[in-house]
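As a plain string of letters, each chain reads:
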Amino acid sequence: MRWLTLAAVLILVGSLAVTGGAQQKLKAGFIYVGPIGDYGWTHAHDQGRKIAEKMVSGLETLYVESVPEAQAEPFIDKLIQQGARVIFTTSFGFMDGTLAAAKRYPNQIFAHASGFKRAPNMATYMADFYQVYYLNGLMAGALTKSNKVGYVGAFPIPEVKRHIGAFALGVRAVNPRATVHVRWIFEWFKPSAAKEATEALIAEGVDVFAFTEDSPTVVQVAAKRGLPSFSHYSPMQKFAPNHVVSGQLVHWEKIYVDFLSKVVAGKYTTENLQNVDYWWLLAEGAVEVGGDFGVPVSPAWKSKLQAVQVTTLDLGRLSVHDLVMKRLAQMTDPKVTFDPFTGPIRDRKGKLVVPAGKRMTVGELNTMEWAAPGIVGPWPKEP
Amino acid sequence: MITEWILDTLIRALAVGTPLLWAALGEIYAERSGVINLGVEGMMILGAFFAFAVAHTSGNPALGLLVAGVVGGASALLHAFLSVTLRANQYVSGLALAMFGLGLAGVLGRGWEGIPLLNTLPEISGLTYLGVVLAVVLWFVLYHTRLGLVIRSTGEAPAAADALGVNVARVRYLAVVFGGILAGIAGGFFSVAYRPSWTEGMTGGTGWIAIAIVIFAGWDPLRAVWGALLFGALYYLSFRLQTWIAPEALRMLPFAFTIVALAATSRRRRGEGAPEALGLPYASGEK
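Asks: Summarise the pattern of salt bridges; cite the residues concerned and give the values.
Replies: In the structure shown here, the tally under the stated rule is 23 salt bridges over all chains. Taking the shortest distance from any N to any O, the salt bridge between arginine 183 of chain A and glutamate 204 of chain A comes out at 2.7 Å. With arginine 183 of chain A in strand E7 (residues 179-184) and glutamate 204 of chain A in the loop between helix H7 (191-203) and strand E8 (208-211), this residue pair connects regions lying 21 residues apart in the sequence. Neither residue differs from the other here; arginine 183 of chain A and glutamate 204 of chain A are each classed as buried. Of the charged contacts, one joins glutamate 204 of chain A and arginine 240 of chain B as a salt bridge, the two residues approaching to 3.4 Å between their closest N and O atoms. Within this pair, whereas glutamate 204 of chain A is found in the loop between H7 and E8, its partner arginine 240 of chain B is found in helix H10 (residues 221-240), the two belonging to separate chains. Note on glutamate 204 of chain A: relative accessible area 18%, which makes it buried. Relative accessible area serves as the criterion here: at 4%, arginine 240 of chain B is assigned to the buried category. One network of salt bridges, in which partners are shared, links Lys195, Glu196, Glu199, Lys224 and Arg225 of chain A together with Arg12 and Glu123 of chain B.

Here is the structure:
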């Protein structure tokens with residue numbers, strides 16, 4: 001009898017081990033720089049993680065939040081000890097830590113968001129907003145009455161400068177007399193700073209707002225004064241349904257699903273990632289224009305944008321609303337028949353920065369320091 | 001033009017200063033009784049979360065503030081128990097409370113981010129004026145009543161107060177819990193008035209600035225009013241002045257003020273310094 005029991009147990013354990021082996025899961029670990037409750041950058045990555053978990057069969061995910069930028073490595077160690085085979089690090093400051101870990105763990109796959117260093121087992125990825133900011137700028141230029149548009153910026157780094165630049169190019173494309181007034185808060189997430197910066201801009205006569213900060217603060221402050229704004233990163237239209245005109249939305253899951261599916265399929269290995277760089281924009285569906293998903297222009301503002309007419313070189317005379325939709329279609333087209341950073345572009349000092357007919361490369365966009373014409377205010381490291 | 005500048009700055013000083021003032025006033029009473037509570041940030045964020053959750057569920061932001069006060073008081077009770085009854089290191093216990101509060105509010109707040117609040121309180125509301133009135137009342141109580149004398153004596157010379165029949169532990173408990181109630185309400189101000197919504201870490205270090213203001217104010221409730229308003233004004237101006245002054249330099253302005261203020265108050269007159277027994281546990285019958 002005892003033997004029988006033992007045999008039964010052995011068979012049971014054995015079969016479990018076999019089924020366990022048959023359904024071997026892919027574990028992916030995520031290192032977040034902020035709390036997943038920030039309703040901004042980290043929140044958006046976490047939404048992407050959850051969707052990827054549903055869409056990639058056999059995928060299991062782990063995550064660590066609020067990791068200080070200098071301390072990526074110990075947390076990567078921890079995730080790998082827990083069985084993670086793919087590690088995503090989601091902040092620029094994790095770049096060197098991720099690269100060091102990629103060297104120490106040649107059998108694991110790494111992907112780093114928003115950076116530029118790669119290795120055979122380390123890719124880079126980014127869903128960038130500059131095209132979306134250009135579309136928002138077109139709308140802002142049409143809506144300002146004081147000809148002063150405001151921008152609350154997080155840090156004066158190339159990424160944010162690129163976004164403000166694209167936004168300002170959009171504003172000027174429909175309203176050459178408008179200026180874009182910039183205030184820096186030196187934080188990614190600091191509602192009180194975003195709030196007082198917005199108040200300072202309002203005091204100076206700004207009447208339309210865009211921003212880079214991970215909370216709906218700017219939207220809320222502007223709405224209280226009855227002023228329109230563009231939401232950032234998360235669907236913030238609900239915080240001010242009558243005042244959010246449009247905004248920028250991200251779909252990190254597009255990148256996560258694509259990347260992890262290719263890992264599962266064996267297309268991505270620990271040896272062939274040296275040149276894998278996702279720079280995904282409107283055409284890839286990684287970003288979207290709107291204050292809420294599926295709403296590129298708030299119905300509350302549509303008629304106001306239809307009432308403003310502009311003349312363009314390539315599309316003739318049309319309303320700003322139609323211009324936004326045309327440009328959106330051109331940039332969503334896989335052939336990308338329009339890009340805001342197409343020369344000739346001069347910076348605000350008058351220097352030619354993009355020659356006629358040329359489009360800025362990803363490398364140039366990633367290191368962009370110049371200020372576009374119309375930008376008013378401090379611009380640290382301006383060439 | 002100039003009047004507009006002054007008016008704008010004054011309004012922003014009041015808005016930014018309100019939570020600082022409430023939190024600082026509470027901390028002044030706790031410290032006057034001899035207990036330093038570094039957990040202000042933790043109590044504030046708990047207040048912010050509960051105020052939002054209650055205001056959102058009930059539709060009544062004032063009720064949210066009330067609950068925020070209760071939650072702040074309850075979390076301060078924890079600090080009082082550790083530092084008064086168990087005589088633990090007050091600095092360690094306070095820091096633990098700050099981290100505990102931030103962590104707990106973060107966990108409880110999951111899923112509450114991204115929800116707009118329909119009924120909110122105006123930014124410059126009764127809370128602002130009440131804060132100033134409260135400062136006057138607390139100043140009067142502290143310097144001109146027997147209760148104030150009792151509180152100050154437990155902070156300056158607990159053994160002497162004990163000898164005179166003062167229940168040191170009870171006074172300290174009450175002062176710490178009172179401080180927690182005010183910190184909770186200060187936190188609630190963020191989520192139902194200043195920026196009506198919930199986001200993890202939304203108090204953004206205000207609790208630490210409040211503690212600095214307590215020191216700058218020389219533990220005096222009336223001077224805390226000026227400290228809070230001055231910080232609020234400088235904070236606003238640090239963005240307003242960016243057109244003319246480098247933003248990197250302006251960033252330091254409100255904080256540099258704090259350091260200068262600390263240095264200035266180190267040359268203070270007798271009786272204006274920190275309470276003698278601040279941070280020291282007291283046990284009856286011990287020297």
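Asks: Can you break down the sheet that holds strand E5 (residues 122-127) of chain A residue by residue, with the values?
Replies: Residue and element names in this part refer to chain A. Strand order in the open sheet made by the 6 strands is E2-E1-E3-E4-E5-E11, with parallel pairing throughout. Sheet topology places strand E2 (59-64) and strand E11 (277-280) at the edges, where each strand pairs with a single neighbour. If you compare each strand with its neighbour and ignore which way they point, the axes differ by 20 degrees on average. Docked against the sheet, helix H2 (residues 41-55) engages strand E1 (26-31), E2, strand E4 (109-113) and E5, running at close to 160 degrees with respect to E2.

Asks: Which residues make up the nonpolar core, and what values do they have?
Replies: Residues Phe209 of chain A together with Trp198 and Ile213 of chain B are the most contacted members of the largest nonpolar core, which totals 100 residues. Contacts of isoleucine 213 of chain B, omitting those with residues within four sequence positions, involve Leu20, Ala24, Ala224, Gly227, Ala228 and Phe231 of chain B. With 91 residues, the next largest nonpolar core counts Phe129, Leu138, Tyr151 and Ala371 of chain A among its residues.

Asks: Go over the packing of helix H5 (residues 126-144) of chain B against helix H6 (residues 146-156) of chain B, please, and point to the residues and values.
Replies: Residues and elements named next belong to chain B. For the pair H5 and H6, the least separation of the axes is 5 Å and the interaxial angle reads 75 degrees. Relative to H6, the element H5 lies roughly perpendicular. Seen from H5, the contacting residues are Val141, Leu142 and Tyr143; seen from H6, they are Leu147, Gly148, Leu149, Ile151 and Arg152. Grouping the constituent residues of the contact of H5 with H6 by class yields 6 nonpolar, 1 polar and 1 charged.

Asks: Can you tell me about the interface of chain B and chain A, naming the residues and giving the values?
Replies: Counting residues at the interface gives 28 residues for chain B and 34 residues for chain A. Summed over both partners, the interface of chain B with chain A buries about 2700 Å², with 56% contributed by carbon and sulfur atoms. Our count for the contact surface shared by chain B and chain A stands at 6 salt bridges. Across the pair lysine 224 of chain A and glutamate 123 of chain B runs a salt bridge whose closest N-O atoms are separated by 3.8 Å. Where chain B touches chain A, the interface holds 17 residue pairs in polar contact (both at pLDDT 80 or more). Looking at the side of chain B that touches chain A, the elements that each hand over two or more residues are helix H1 (2-32), helix H8 (168-194), H10 and helix H11 (247-266) of chain B. Among the elements that make up the side of chain B that touches chain A, the one with the highest residue count is H10 of chain B (4 residues). Its residues assigned to classes, the side of chain B that touches chain A comprises 11 nonpolar, 7 polar and 10 charged.

Asks: Which residues make up the pairing of E8 of chain A, and what values do they have?
Replies: Residues and elements named next belong to chain A. Where burial is concerned, the two faces of E8 agree: the one with Val208 and Ala210 and the one with Phe209 and Phe211 are both buried. Relative to E8, strand E6 (residues 148-153) runs parallel, the two sharing 4 bridges. Each residue of the ladder has a partner; that of valine 152, found in E8, is phenylalanine 211.

Asks: Before we move on, could you go through the confidence of the model for chain B and cite the residues and values that matter?
Replies: Confidence in the prediction of chain B, expressed as mean pLDDT, is 91, and 94% of residues score 70 or more. Across chain B, helix H2 (residues 40-58) of chain B holds the top mean pLDDT of 97, while H11 of chain B sits lowest at 75.

Asks: Any details on the environment of arginine 32 of chain B? Residues and values, ideally.
Replies: Residues and elements named next belong to chain B. Within the secondary structure, arginine 32 sits in helix H1. According to the relative accessible area criterion, arginine 32 is buried, its value standing at 4%. Along the primary structure arginine 32 and leucine 14 are separated by 18 residues, whereas in three dimensions their C-alpha atoms are 25 Å apart. A distance of 2.9 Å separates a polar atom in the side chain of arginine 32 from the backbone oxygen of tryptophan 219.

Asks: Lay out unusual backbone geometry with the relevant residues and their values.
Replies: What you tend to see is this: most non-glycine residues have negative phi, and most peptide bonds are trans. The omega torsion across glycine 343 of chain A and proline 344 of chain A is 5 degrees, close enough to zero to call that bond cis. Summarising the element assignment, proline 344 of chain A is placed in the loop between helix H11 (320-332) and strand E15 (345-346). Unusually for a residue other than glycine, tyrosine 233 of chain A sits at a positive phi of about 70 degrees. The residue tyrosine 233 of chain A is located in strand E9 (residues 229-233) in this model. According to the relative accessible area criterion, tyrosine 233 of chain A is buried, its value standing at 5%. Positive phi outside glycine occurs at arginine 87 of chain B, with the angle close to 55 degrees. The residue arginine 87 of chain B is located in the loop between helix H3 (61-85) and helix H4 (90-108) in this model.

Asks: A description of the confidence of the model for chain A should follow, citing residues and the corresponding values.
Replies: With 94% of its residues at a pLDDT of 70 or more, chain A shows a mean pLDDT of 92. Low confidence marks residues 15-23 of chain A, where pLDDT is under 50. Its contacts with residues over four positions away, or in another chain, come to 0 contacts.

Asks: Which residues make up the domain arrangement of chain A, and what are the values?
Replies: Residue and element names in this part refer to chain A. Here chain A is described as being made up of domain 1 (26-127 + 252-280) and domain 2 (130-249 + 287-376). Look at where the C-alpha atoms of domain 1 and domain 2 centre, and you get two points 29 Å apart. In this assembly, 10 residues from domain 1 lie in contact with 15 residues from domain 2. For the pair domain 1 and domain 2, the two sides together bury roughly 1100 Å², of which 60% comes from carbon and sulfur. The three residues of domain 1 that bury the most area against domain 2 are Tyr39, Trp41 and Trp279, which together make up 58% of that side's buried surface. The interface formed by domain 1 and domain 2 contains 0 salt bridges.

Asks: Tell me about helix H3 (residues 72-81) of chain A, and name the residues and values.
Replies: Residue and element names in this part refer to chain A. Within the sequence span of H3, burial applies to Ala72, Ile76, Asp77, Leu79 and Ile80. For H3, the angular spread of the buried residues around the axis is 165 degrees, confining them to a single face. In this fold, the buried residues of H3 make contact with E1, E2, strand E3 (86-89), helix H4 (95-104) and E4. At the C-terminal side of H3, glycine 83 shows a positive phi close to 100 degrees.

Asks: I'd love a proper account of the environment of leucine 104 of chain B, names of residues and values included.
Replies: Topologically, leucine 104 of chain B is positioned in helix H4. For the pair leucine 104 of chain B and leucine 230 of chain B, spaced 126 residues apart in sequence, the C-alpha to C-alpha distance is 32 Å.

Asks: Lay out the environment of leucine 21 of chain B in plain terms, naming residues and giving numbers.
Replies: Residue and element names in this part refer to chain B. Take leucine 21: it is sitting in helix H1. Separated by 193 residues in the primary sequence, leucine 21 and valine 214 have C-alpha atoms spaced 9.3 Å apart. Non-local contacts of leucine 21, meaning those with residues more than four positions away in its chain, are made with Gly131, Val132, Ala224, Val225 and Ala228.

Asks: Give me the pairing of E6 of chain A: which residues, what numbers.
Replies: All names here are of chain A. With 5 of 6 residues buried, E6 lies mostly within the body of the structure. In this structure, E6 lies alongside E7, joined through 6 bridges in parallel fashion. Bridge assignment links glycine 153 to a residue of E7, and that residue is tryptophan 184. Handedness of the crossover is the feature at issue here: the chain leaves E6, passes through helix H6 (residues 158-174), returns alongside E7, and the resulting connection is right-handed.

Quick notes on the rules
Residue positions are given per chain, counting from 1 as you read along its sequence in written order. To read the labels, note that chains go from A and ligands from 1, taken in the order they are written. Totals for whole chains, interfaces and linings use all residues, but because this is a predicted model, local features are given only for residues with pLDDT of at least 70 and pairs of side-chain atoms are given and counted only at 80 or more. Side-chain metrics in this entry use all non-hydrogen atoms of the structure; hydrogen atoms and water are not considered. What counts as a salt bridge is simple: a side-chain nitrogen of Lys or Arg found within 4 Å of a carboxyl oxygen of Asp or Glu. A helix here means a DSSP run of H or I that spans at least four residues, while a strand means a run of E at least two residues long, and both kinds are numbered starting from the N terminus. A 1.4 Å probe rolled over the protein chains alone gives each residue an accessible area, and that area as a share of the maximum for its type sets the label: buried under 20%, exposed over 50%, partly exposed in between. For two strands to pair, DSSP has to find at least two bridges joining them. To obtain an axis, a line is fitted to C-alpha atoms, over the contacting stretch when the element is a helix, and the angle between two such axes runs from 0 to 180 degrees between their N-to-C directions. Residues count as neighbours in contact if any of their non-hydrogen atoms are within 4.5 Å of one another. Only buried residues count toward a nonpolar core, which is a set of Ala, Val, Leu, Ile, Met, Phe, Trp, Tyr and Cys residues joined through side-chain atoms within 4.5 Å. Here is the rule for angles: anything less than 35 degrees is roughly parallel, anything more than 145 is roughly antiparallel, 65 through 115 is roughly perpendicular, and the remaining ranges are oblique. Residues are grouped as follows: nonpolar covers Ala, Val, Leu, Ile, Met, Phe, Trp, Tyr, Cys and Pro; charged covers Asp, Glu, Lys and Arg; every other residue, Gly included, is treated as polar. Put simply, buried area is the surface a 1.4 Å probe can reach on two separate parts but cannot reach once they are joined, added for both. Pairing of N or O atoms within 3.5 Å defines a polar contact, subject to two protein rules: one partner must be a possible hydrogen donor and the other a possible acceptor, and residues neighboring in sequence count only if both atoms are side-chain atoms. The score called pLDDT rates the predictor's confidence residue by residue, from a low of 0 to a high of 100. Start and end positions for the domains come from either an automated domain assignment or a database one. Note that the arc is computed from the directions linking the helix axis to the C-beta atoms. Note on handedness: a crossover is taken as right-handed if, strands pointing away from the viewer, the path from the first strand over the helix to the second is clockwise.

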